[in-house]
Structure formats: C-alpha cells, structure tokens
Amino acid sequence: GIQVEQSPPDLILQEGANSTLRCNFSDSVNNLQWFHQNPWGQLINLFYIPSGTKQNGRLSATTVATERYSLLYISSSQTTDSGVYFCAVVGLTGANSKLTFGKGITLSVRP
Amino acid sequence: SQTIHQWPATLVQPVGSPLSLECTVEGTSNPNLYWYRQAAGRGLQLLFYSVGIGQISSEVPQNLSASRPQDRQFILSSKKLLLSDSGFYLCAWSLIQGLPSFGSGTRLTVV
C-alpha cells in the first residue's frame, strides 16, 4: 500500500514562532488531508488539499502532487496549536484506495 | 447531515475478557467504514475497513475482529483481550473516495 511519512516527528516551539510540517507520500493520491488531534483524541480536519494551496487563518497548506509531498504551515503559533498533526491520503487504485495515515507530528507550543 | 456515533468513550477491561465496540453512522447510505487504533504516542493504524454489509478487510493480523451487520453499523470485537490491545480506537466513515469523518474515539485500557 501507499506509504506516508511525516517529519519532523516532534517539534517544540515558543509561542509566536512559525513552523513547517512535512508529509511525503509514495504514490499518486486522490485525497490528502491534514488533521489536528486535540488533547481529548478528537481528530479535527484542517485541510482537504490533494493539490494546490489553501489558507485558513494562521494555517496554510500546500500540496505538490507531482512531487508527492504536502506542507502545513503554522504562523504565529499559540499554545492551543499543541497536539498531534496527521497527514492522511487516499491513493488512486487497489490497495492504495484506503485512507492511510502518517505517524503524526507532535507539536508542543510553549508560552 | 451525517453524524457518526461511537461508544463507549472509555473502557477498562481485564485481560481475557471479551470486547465489543460499536460505531453507527447516520444520514448516509453505503458508506465505507473504518476502525483505526492509536497506541500511546504513536500514529493511527488501520485495523479494518468495510465497503459494504458483511464485507470486511483486515489490515493487520491481530486479536481483534470486525463485523458489519447493517449498512451503517460497524462493530469491533475480541473474544479475549490482551494487554497489547490497549489503545485509542477510532471509527471513521467516508463515501467512496470521499473525505473521512471520525467518531470521538474509545479509550480502551486492558488491565
């Protein structure tokens, strides 16, 4: 099946700093999403972005489908941004057509 | 609108006891259904997915099984729990190639 790798695995930021989270995937995709898992375990969808660039407040994401990666940008980070960020993809066919997650990036924003 | 219900929210079970976690989806028909497990400090691992009633695909060999007795009902079971079954279990649904929506999760502790 499709492989999804996220980096870095852990990230510590001072409040107000900017950061970039990366997601690499091994094959062409139909869907790509970024999720934030809050302290209670709930997965919150941030972006649906199989290609192109989107922005939502302090967050933005870019997917370069031809090069098989996506980036999530967090600007002016806040302590409430802490948590685990997952990238998940759905490939085009067969064994790749299931939603597959990366291992996540644990972000800690310190006041 | 579509909603997904997952229960219970938390569960503490002794080793060797049976398990039954239930997930139901409302407001849609013939969804793809998924069970994921997140072990402590790790990413989401796909356990089972189903594209229709009675159709279950298992991603990893394990002590668990899944069933889909009705179109919008997905059940995760075990006959005898192991300590290693502890974790956070998430149910999700999507339409074919669609965006997934997640339940609120069940935190299982096997003691």
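Report on the accompanying structure. (Residues numbered from 1 in each chain as written. Chains lettered and ligands numbered in written order. Predicted model: local features only at pLDDT ≥ 70, side-chain atom pairs only at ≥ 80, totals over all residues. Heavy atoms only, no water.)

Another aspect to go through is unusual backbone geometry. The omega torsion across S7 of chain A and P8 of chain A is -10°, close enough to zero to call that bond cis. By secondary structure assignment, the location of P8 of chain A is in the loop between β1 (4-7) and β2 (10-14). Cis geometry is adopted by the peptide bond preceding P8 of chain B, which originates at W7 of chain B and carries an omega value of 0°. By the secondary structure assignment, P8 of chain B is in the loop between β1 (3-7) and β2 (10-13). At S76 of chain A, a residue that is not glycine, the phi angle is positive and equals roughly 45°. Relative to the helices and strands, S76 of chain A resides in the loop between β8 (69-74) and β9 (83-91). If you check the backbone angles, N30 of chain B has positive phi at about 50° while not being a glycine. (Helix = DSSP H or I, 4+ residues; strand = E, 2+ residues; numbered from the N terminus.)

Our next topic: the sheet that holds β1 of chain A. Residue and element names in this part refer to chain A. Strand order in the open sheet formed by five strands is β1-β3-β8-β7-β6, and the pairing between neighbours is antiparallel. This sheet does not close on itself; its edge strands, each paired only once, are β1 and β6 (52-56). Put simply, the sheet's adjacent strands are angled 15° from each other on average, direction ignored. Examined bridge by bridge, β6 and strand β7 (residues 59-64) share five bridges and lie antiparallel to one another. What sits directly across from K54, in β7, is A61. (Pairing = 2+ DSSP bridges. Axes fitted to C-alpha atoms, helices over the stretch in contact; angles between N-to-C directions.)

Right, let's get into the sheet that holds strand β7 (residues 65-70) of chain B. Residue and element names in this part refer to chain B. Taken together, four strands build an open sheet; the order of strands is β1-β3-β8-β7 and the sheet is antiparallel. Because the sheet does not close on itself, it has two edges, and the strands there are β1 and β7. Going from strand to strand, the sheet's axes swing by 20° on average, the running direction of each strand aside. Sheet topology note: the β1/strand β3 (residues 19-26) ladder contains five bridges and is antiparallel. Across the sheet, H5 pairs through a bridge with T24, a residue of β3.

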